[in-house]
Amino acid sequence: MTENDSSVFAASTLDGNLNKTRGEDLLLERAQEHPMYLPDSSRQPVSVGRIGYDPYLAIIGLNRGYAQWFATDIEHRGEIVGQVIVSIDWETIHTALLDDIVKELSDTGNPIDAAFVTDSKQRILSHNTDSNHEHTHSDHWEESATPEEHQLTGQQSVSFGDHTYIVNIVFDREQAMHPIDTLNQRAFLATFLGSCLLGVVLFIMLRRSILKRIDSLHTAMFQLGSGDLSYRVPISGNDEITDLGRAINEMTENLGTKTTSIDRLNEEINLRKQALQEKREREIELAQSRKYIDDITHNAPQLLSYVDTSQHYRFVNKSYERWFEVPLDHFHGKHVRESLGEEAYNLILPYMRKALNGQMVNYESEIPYSEGGNRFVNVTYTPDKNTDGEVQGFFVSVEDITGIKESEKKIQNTLNLLEATLEATDNGIMVTDEYGQMIKANQRFAEMWQVPDELLSNADTDAILSLMVDQMNDPKTFLEGVKQLHAEDNIKALETLAFRDGRVFEQVSLPIINSSKSMGRVWSFRDISQRQRYEDGLLEAKNAAETAAQAKVNSLPT
């Protein structure tokens, strides 16, 4: 029984022996999610689900078998408060019925091996208890109802709802056919004995007059059948058997003269059949290869074509149609100038001439096509040469790189902007990668740290770091701090650096994070020497004033 939300709140379950099973394990399961649940939109009194394997059987501790759900609404004071769902175990019912059928047929002397029910695809759904047929407990049955050689099968179709099932009765062929075989043996024995008796009588009657001459004909035919065309039938008498002997001799002579030509003809026919078969196989392989090539060529995103020595298109793929939004007839058999436009033709003409001279050509250019507008393209011309090395035309491959060029332009503009920003700031800026190697530094950095232009242009990180360390009041502490910042990616640092020459720099170091991964660091240095001297002067003045005030207080009489 279920609530309106299809959750199970009560369950009563029995096994095949009417013993209770673990029905409580179904509580709070959602019947609506069950594959056999079929909501009834027509609001019939009873909703009938589809037949299939019930996964709830495994939950309550039973083997899964095919079953069917029947559901009806529970009403209280005119309102639907839930549903009662009954699961019918058709597999157990059908097995019991099949056991009864087998028992009744066996009791009447029928040699029954098994009885089972299959669907329209001959997959076994259920079988009698003693059957050797099995089926897998899954949503799709794999065991096929195929009888063995020693078995006979009788079938009867049964309609069950919208489905049709087949009841199969399997007999032992040997036992079922035993009465018929016994009758056949008796009839054969009677026929054999009668034939033997008749043969003995005829043999005695015809032995002297006909049988010897027939034996000679038999011998001749045996020799002829074994391939001996030199054997001749002895001729004696003047009757039909004699005429037959002459005819056999004439036939033997004719066969002797024609056998050679027939053998040659058969050999030639076999050779021609073999050649035709090989030709058909090659044609099939060629057609398949051509289909693969056509599919690859026409689905390629770049332009693929073939241009002959007169600069006419002999082949273009469908990308031409997609690029220029014109039919392929606009290119087939047309001159390159006519297809692409005068301006585009004049631009690519020098490259085409090189290809027609046998050179492989690759170039990038912005081409103003008459159809499709301007495009940045990467073009490759590959000469097509015959066995004598003469150029017959060239293959064309054109890739649209407009998007790449636009991206490169945007990237370059961004780099130029960053470069200008770095150079415009009053701070010394240095950028290092995740390994601590310098990537970029502005001119202000070189001025503040007195870095020669040669070291800066070569980005000689070790030499620059050594130069910086040498200028520090405390070189060891400065170097350890740099190494620590490179070792720990996410640290942000603000420090004051004291130089031997009295200068004071403020250092800010921030990590460069991309997709939660450190890609390096940005180092910013600001010269605060003047501010530091001003602050030191203020501190000295404050200390002097405090000292003077204290001295004045001390000089007053007590």
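Some thoughts on the overall build of the chain
Next, step 1: Counting secondary structure elements, the chain contains 14 helices and 18 strands.
Next, step 2: Counting the 558 residues in the chain, one finds 29% classified as buried.
Next, step 3: Long-range contacts, defined here as pairs at least 24 residues apart, represent 40% of the contacts in the chain between residues at least 6 apart.
Next, step 4: With an accessible surface of roughly 36,800 Å², the chain has 53% of that area assigned to carbon and sulfur atoms.

What to know about the confidence of the model for the chain
Next, step 1: Overall, the prediction assigns the chain a mean pLDDT of 79, with 85% of residues at 70 or greater.
Next, step 2: For the chain, per-element mean pLDDT is lowest for helix 4 (residues 178–225), which scores 68, and highest for helix 8 (residues 342–356), which scores 93.

Examining the sheet that holds strand 18 (residues 517–527)
Next, step 1: The five strands lie next to each other as 15-14-18-17-16, forming an open sheet whose pairing is antiparallel. Two strands in the sheet have a free side with no partner beyond their single neighbour: strand 15 (438–441) and strand 16 (493–498). Going across the sheet, the axis of each strand differs from the next one's by a mean of 20°, ignoring polarity.
Next, step 2: Across six bridges, the pairing between strand 14 (residues 428–433) and strand 18 is antiparallel.

Let's talk about the sheet that holds strand 10 (residues 313–316)
Next, step 1: Strand order in this open sheet of five strands is 10-9-13-12-11, and the pairing throughout is antiparallel. In the strand order of this sheet, the two ends are held by strand 10 and strand 11 (361–369), each with one partner. Direction aside, neighbouring strands of the sheet carry axes that sit 25° apart on average.
Next, step 2: Pairing of strand 11 with strand 12 (residues 373–385) involves nine bridges; the strand directions are antiparallel. Bridge pairing in strand 12 places Ile367 opposite Arg375.
Next, step 3: Along the sheet, helix 8 makes contact with strand 9 (303–308), strand 11, strand 12 and strand 13 (391–400), crossing strand 11 at roughly 165°.

Observations regarding the pattern of salt bridges
Next, step 1: What the rule picks out here adds up to eight salt bridges.
Next, step 2: Where Asp308 meets Arg314, a salt bridge forms, and the shortest distance between an N and an O atom there is 2.6 Å.
Next, step 3: Taking the shortest distance from any N to any O, the salt bridge between Asp501 and Arg503 comes out at 2.9 Å.

Quick look at helix 13 (residues 475–487)
Next, step 1: With 13 residues, helix 13 extends 18 Å between its outermost C-alpha atoms, agreeing within 8% with the 18 Å of an ideal straight helix rising 1.5 Å per residue.
Next, step 2: Among all positions of helix 13, only Phe478, Gly481, Val482 and Leu485 are buried. Seen from one end, helix 13 has its buried residues packed into an arc of 100°, which puts them on one side. In helix 13, the exposed positions angled more than 90 degrees off the buried face are occupied by Lys476, Lys483 and Ala487.

Focus: the nonpolar core
Next, step 1: In terms of nonpolar packing, the biggest core is built from 28 residues, with Tyr320, Phe324, Leu340 and Tyr381 touching the most fellow members.
Next, step 2: Looking at this core, the elements with two or more residues in it are strand 9, strand 10, helix 6 (319–324), helix 7 (336–340), helix 8, strand 11, strand 12 and strand 13.
Next, step 3: The biggest single contributor to this core is helix 8, with six residues.
Next, step 4: Core analysis: the second largest hydrophobic core is formed by 22 residues, Leu456, Phe478, Phe499 and Phe505 among them.

As for a nonpolar patch on the surface
Next, step 1: Together, Phe188, Leu189, Phe192 and Leu193 make up a nonpolar patch on the protein surface, roughly 450 Å² of accessible area in all.
Next, step 2: Its location among the elements puts Leu193 in helix 4.

Describing the environment of Ile348
Next, step 1: Along the chain, Ile348 falls in helix 8.
Next, step 2: On the accessibility criterion, Ile348 (5% relative accessible area) is buried.
Next, step 3: As a C-alpha pair, Ile348 and Arg337 span 11 residues in sequence and 9.9 Å in three-dimensional space.

Describing the pairing of strand 3 (residues 66–76)
Next, step 1: In this sheet, strand 3 lies alongside strand 1 (residues 47–48) in antiparallel orientation, the contact comprising two bridges. Bridge assignment links Val48 to a residue of strand 3, and that residue is Phe70.
Next, step 2: Judged from the two bridges that link them, strand 2 (residues 52–53) and strand 3 form a sheet pairing that is antiparallel. Directly across from Tyr53, in strand 3, lies its bridge partner Tyr66.
Next, step 3: Inspection of the sheet shows strand 3 paired to strand 4 (residues 79–88) by nine bridges, in the antiparallel sense. For Thr72, the partnering residue across the bridge sits in strand 4 and is Val84.
Next, step 4: Between the end of strand 3 and the start of strand 4, which pair antiparallel, lie two residues, with Arg77 showing a positive phi angle near 55°.

Reading the values: rules and limits
- Residues numbered from 1 in each chain as written.
- Predicted model: local features only at pLDDT ≥ 70, side-chain atom pairs only at ≥ 80, totals over all residues.
- Heavy atoms only, no water.
- Helix = DSSP H or I, 4+ residues; strand = E, 2+ residues; numbered from the N terminus.
- Buried < 20%, exposed > 50% of the residue type's maximum accessible area, 1.4 Å probe, protein only.
- Contact = heavy atoms within 4.5 Å.
- Areas by Shrake-Rupley, 256 points an atom, 1.4 Å probe, with all protein chains shown as cover.
- pLDDT = per-residue confidence, 0-100.
- Pairing = 2+ DSSP bridges.
- Axes fitted to C-alpha atoms, helices over the stretch in contact; angles between N-to-C directions.
- Salt bridge = Lys/Arg side-chain N within 4 Å of Asp/Glu carboxyl O.
- Expected span 1.5 Å × (residues − 1).
- Arc of directions from axis to C-beta.
- Core = buried A, V, L, I, M, F, W, Y, C linked by side-chain atoms within 4.5 Å.
- Patch = residues over 30% accessible without salt bridge, like charges linked within 9 Å, V, L, I, M, F, W, Y side chains within 5 Å.

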